[in-house]
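Structural description and commentary
The lines below spell out each chain.
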Amino acid sequence: MDASAHFRDKRITLMGLGLLGRGVGDARYLAECGTELIVTDLKPRGELAESVTQLESFKNITFVLGQHRLEDFKNKDLILKAAGVPLDSIYIAEAKKNDIPVRMSADLFAELSGVACVGITGTRGKSTVAQMIYEILKASGKKVLLGGNMRGISTLALLKEVTSGHIAVLELDSWQLQGWGEARMSPHIAVFTTLYQDHLNYYGSTSLTTRKEHPEQYLADKANIFLYQKPEDTLILGAQCAPTIIDKYGENIEATTLVVDETKLPDTWVLRIPGIHNRYDAALALAAARAMDISDEISRRALESFSSISGRLELVREVNGVKIYNDTTATTPEATLAALSALESMSGRTTSQHDESKFSQPVRTSIILIMGGTDKKLDMNALLAKLTDMKRVILLAGTGTDRIKHELTGSMIYHTLSDAVIDAFAHAKAGDTILFSPAFTSFGMFKNEYDRGDQFVELVEKHYGK
């Protein structure tokens, strides 16, 4: 659809350019529509050079980098904010004080396009489920667009492609769902995968006495995916998170609600990707497909041919009998536990199909784990207990590593990923697995989790070739 008239000659401030490509795409689209655009980010120009270079040709873009200015949040027609803007931002407060609309790209796209939307959220599994649903819809012959929290995809720019016949599949993190809540909107089909502690550095107290309590605001933001649904809409809850959500929000849920776990995926369906958590994700995608009247035959073909997403338990290569996996998007202990469980299940070890935090009696595995990074104040106890099973644990320096290193006294700590990878290769033998699954965020040593994964893959290729 042509939505350019909606933005033409408007004065807009885009808050948060970033390096993932979404901000660049939003800025390019708005500039092409003829806006008078301010692009502002707290990162300095040098750190954002990769993004700024792609936009420098637009004469209607003014960059304000290394700072935000209150003046850029006055006398504007719209503020488009990126994910992760602090809840107490004085700049957003200034815009609202001046009655300036504050939006985010995903909810603004949904409002302007008016198309049917499938939204997926959750602490873990949302990217995989979104990609699975997208592949099922493509296999069914429907016109489908993929956006939201996807690397390199500007959801707002999808307005150039979307038609009334499209379905939009949107991965939505808690920050993007703040925008849906403020717009009082929810997707037509909502999928809520899992709920664990996360982003305590953004939402919650760092007090040791409260750290184990899940911050209410995190769930409140995610709940926007269903709070504004109507009775004709569908809410699909993963069994892991369903009790908490129904207990807290049951009276506010109007949509038809389904609770799904891995047992809802037929036993005869054989996935290419390992792990009970991936069967769980596939079952959620199947439930969404059924809600859109897509036949199980089509869903089965799409799910059985589905391969791993980049950076999510991605098999990079196997060399000399050593398998190497990139799981850089594991930024929580639960994610790393899920990866370990999946790899153990492939090697024939017994794990619980219904609770991946429960494992059989410790038996030393053939896994060499590279982990560590920046702290999010999450409870690491279950993962630490599991690490005694590893053949070797190699740590990357960071504030999170500093918090747990006393529990892993035999592990080497490295300040470069290259040194960590060299250590892993030096200790790997045929039959072993090298798993890069950090369990912490990437900030400090890397630009972001994707940069972390890209560097890991490049190092593997450096040692073994492409």
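Per the secondary structure count, the protein includes 17 helices and 17 strands. Against the globule reference of 23 Å for 466 residues, the protein gives a C-alpha radius of gyration of 22 Å, in line with a compact fold. Its C-alpha atoms put the protein at 65 × 50 × 50 Å along the principal axes. Per-residue burial for the protein yields a buried fraction of 58% across its 466 residues. Across the protein, the fraction of contacts at a sequence separation of at least 24, relative to all contacts at a separation of at least 6, is 70%. As displayed, the protein has an accessible area near 19,600 Å², and 48% of this comes from carbon and sulfur atoms. Positive and negative side-chain charges of the protein, numbering 52 and 59 respectively, have mean locations separated by a distance of 3 Å.

Attention now moves to the nonpolar core. If you look at soluble globular proteins, the nonpolar side chains tend to sit buried side by side. One finds Phe-7, Tyr-29, Leu-30, Leu-159, Trp-180, Phe-192 and Phe-226 to be the most contacted residues of the largest nonpolar core, which totals 58 residues. Not counting chain neighbours up to four residues away, the residues in contact with Phe-192 comprise Thr-121, Gly-122, Leu-219, Lys-222, Ala-223, Ile-225, Phe-226, Ile-236, Leu-237, Gly-238, Cys-241 and Ile-245. Judged by nonpolar contacts, the second largest core, of 38 residues, contains Val-118, Met-132, Ile-133 and Leu-271.

Another point: the sheet that holds strand E17 (residues 433-436). A sheet is described by the order of its strands in space; here six strands give the open sequence E12-E13-E17-E14-E15-E16, paired in mixed fashion. Each edge of the sheet is formed by a strand with only one pairing partner; in this case those strands are strand E12 (314-319) and strand E16 (412-414). Sheet twist, expressed as the mean angle between neighbouring strand axes with direction ignored, is 20°. Direction of pairing for strand E14 (residues 367-371) relative to strand E15 (residues 392-396): parallel, over a ladder of four bridges. Directly across from Leu-369, in E15, lies its bridge partner Val-393. Across the sheet, helix H16 (residues 417-427) is in contact with strand E13 (322-326), E14, E15, E16 and E17; its angle to E15 comes to roughly 170°.

Of all five residues in E15, four are buried, a share of seventy percent or more. Considered for its hand, the β-α-β crossover made up of E14, helix H14 (residues 381-386) and E15 is right-handed. Relative to E16, E15 is paired through three bridges, and the arrangement is parallel. Looking at E16, one finds that Ile-394 is bridged to Met-412.

A few words on the pattern of salt bridges. Tallying each qualifying case throughout the model produces 24 salt bridges. Two residues, Glu-71 and Arg-69, come together in a salt bridge whose shortest N-O distance is 3.9 Å. Judged by relative accessible area, which is 26%, Arg-69 ranks as partly exposed. Ionic pairing is found between Lys-97 and Glu-94, a salt bridge with its closest N-O pair at 3.2 Å. Taken together, the residues span about one helical turn, with Lys-97 and Glu-94 both in helix H4 (residues 90-97) at a distance of three residues. Linked by salt bridges that have partners in common, Arg-69, Glu-71 and Asp-72 make up one network.

Here is what the cut-offs are and how they apply
Residues numbered from 1 in each chain as written. Predicted model: local features only at pLDDT ≥ 70, side-chain atom pairs only at ≥ 80, totals over all residues. Heavy atoms only, no water. Helix = DSSP H or I, 4+ residues; strand = E, 2+ residues; numbered from the N terminus. Rg over C-alpha atoms; globule rule 2.2 N^0.38 Å. Buried < 20%, exposed > 50% of the residue type's maximum accessible area, 1.4 Å probe, protein only. Contact = heavy atoms within 4.5 Å. Areas by Shrake-Rupley, 256 points an atom, 1.4 Å probe, with all protein chains shown as cover. Lys, Arg positive; Asp, Glu negative; His and termini not counted. Charge placed at Lys NZ, Arg CZ, Asp CG, Glu CD. Core = buried A, V, L, I, M, F, W, Y, C linked by side-chain atoms within 4.5 Å. Pairing = 2+ DSSP bridges. Axes fitted to C-alpha atoms, helices over the stretch in contact; angles between N-to-C directions. Right-handed = clockwise from strand over helix to strand, strands pointing away. Salt bridge = Lys/Arg side-chain N within 4 Å of Asp/Glu carboxyl O.

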